[in-house]
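# Understanding the architecture of this molecule
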Amino acid sequence: MELLNGVTGFYQDPKDKPPTTSLKQFKVHSYEVARTYNGELLECGDTDVHSNFLVGVLKINKKKVYVLLNKHYPLVTFASSVDNKEIFFVNDTQLCLFFSSFYRVLCAGLLNEGLIYTHHKGSVLIKNDNELNNAELTQIAYWKPSTLGEILYNYWD
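Given the structure is predicted, the values throughout are model-derived calculations rather than measurements. Position numbers for residues count from 1 along each chain, tracking the sequence in the order it is written. Thresholds applied to this predicted model are a pLDDT of at least 70 for local features of residues and 80 or more for the giving and counting of side-chain atom pairs; totals over whole chains, interfaces and linings are not thresholded and use all residues. Hydrogens are left out, water is left out, and the side-chain values use all remaining heavy atoms of the structure.

### Describing helix α4 (residues 134-143)
Quick reminder of the rule: Relative accessibility thresholds used throughout: buried, under 20% of the residue-type maximum; exposed, over 50%; partly exposed, between the two (1.4 Å probe, protein chains only). A run of H or I in DSSP counts as a helix once it spans at least four residues, and a run of E counts as a strand once it spans at least two, with each numbered from the N terminus. Should any heavy atoms of two residues lie within 4.5 Å, those residues are considered in contact. Throughout this description, a polar contact denotes any pair of N or O atoms lying within 3.5 Å of each other; where both atoms belong to protein, one of them has to be capable of donating a hydrogen while the other can accept it, and for residues adjacent in sequence the pair is counted only when both atoms sit in side chains.
Buried within α4 we find Ala-135, Glu-136, Leu-137, Gln-139, Ile-140 and Ala-141. Taken together, the buried residues of α4 touch β7 (117-120), β8 (123-126) and α5 (148-152). Two or three places before Ala-135, at the opening of α4, Asn-133 has a side-chain oxygen 3.0 Å from that residue's backbone nitrogen. Directly after α4, the chain includes Lys-144, whose backbone phi takes a positive value near 55°.

This is the structure:
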């Protein structure tokens, strides 16, 4: 998977400013999926000013599932738990079918893939396919993520 410019939310040069996804549309889709599967949307919104994703919390069939949407690209995934230290990514066939009409759904296996990089003069050289900008590379050097999921859904400040 290619890591797109700005996916982490960081940039220095205005030309590197990433696009944004719509919280309003995400809420609409989250309410709709809850209604479709006789579930409940417990919450939906921005997680934190220091994160690069939006979160919806669904309760379907007595199971709580977190739906994560990257703030900059239409990339959705699911998790069994989310906190500012760790996210446990899961696959959910039912939700995948629904959300794939609106977003690119990323499976847990992809997000748990290792990030391949080497340190180089205060920054990093990423060997995974990427378009990341210099501000993002500096953040990666600082935070030292080990998986693609830690880049695509992060709490970096």
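### Thoughts on the packing of aromatic side chains
Threshold: Stacked, tilted and edge-to-face are the three classes applied to pairs of Phe, Tyr and Trp rings, where Trp contributes its six-membered ring and a pair requires centres within 6.5 Å; stacked means planes under 30 degrees apart, edge-to-face means over 60, and tilted covers the rest.
Overall, the coordinates contain 12 aromatic pairs when judged by the stated rule. Where Phe-98 meets Phe-99, the ring centres are 5.3 Å apart and the plane angle is 80°; that geometry is what we call edge-to-face. Just as Phe-98 is buried, Phe-99 falls in that class too. Judged by centre distance (6.4 Å) and plane angle (5°), the ring pair of Trp-143 and Trp-156 falls under stacked. You can see Trp-143 sitting in helix α4 and its partner Trp-156 sitting in the segment after α5, a full 13 residues away along the chain.

### Considerations on the nonpolar core
Counted only if it meets this: Residues belong to one nonpolar core when they are buried, are Ala, Val, Leu, Ile, Met, Phe, Trp, Tyr or Cys, and are joined through side-chain atoms within 4.5 Å.
The biggest cluster of nonpolar side chains holds 32 residues, and the ones touching the most others in it are Leu-68, Val-82, Ile-87, Ile-140, Leu-152 and Tyr-153. Broken down by secondary-structure element, the contributors of at least two residues to this core are β2 (53-60), β3 (63-70), β4 (75-82), β5 (87-90), α3 (108-111), β8, α4 and α5. Setting aside anything within four residues of it in sequence, one finds Ile-87 in contact with Phe-53, Leu-68, Ala-79, Ser-81, Val-82 and Tyr-153. Ranked by size, the runner-up nonpolar core spans 17 residues in total, among them Val-33, Ala-34, Cys-44 and Ile-60.

### What to know about helix α1 (residues 23-36)
Using the following cut-off: To estimate how far a helix should extend, the number of its residues minus one is multiplied by 1.5 Å. The directions from the helix axis to the C-beta atoms form the arc being described.
With 14 residues, α1 extends 20 Å from end C-alpha to end C-alpha; this agrees with the ideal 20 Å at 1.5 Å per step. If you check which residues of α1 are buried, you get Phe-26, His-29, Ser-30, Val-33 and Ala-34. Along the axis of α1, the buried positions cluster into a sector of 135°, meaning they face one direction only. Opposite its buried face, α1 presents the exposed residues Lys-24, Tyr-31 and Arg-35, each directed more than 90 degrees away. The secondary structure elements touched by the buried residues of α1 are β1 (40-46), β2, β3 and α2 (93-99).

### Overview of the pattern of salt bridges
What counts is decided by this rule: For salt bridges, the criterion is a side-chain nitrogen of Lys or Arg within 4 Å of an Asp or Glu carboxyl oxygen.
Applying the stated criterion across every chain, the model contains three salt bridges. The closest approach of N and O atoms between Asp-16 and Lys-15, which form a salt bridge, is 3.3 Å. A salt bridge links Asp-46 to Lys-71, with the shortest nitrogen-to-oxygen separation between them at 2.8 Å. One end of the pair, Asp-46, is in strand β1; the other, Lys-71, is in the loop between β3 and β4, and 25 residues separate them in sequence. Judged by relative accessible area, Asp-46 falls into the partly exposed class, the value being 45%.

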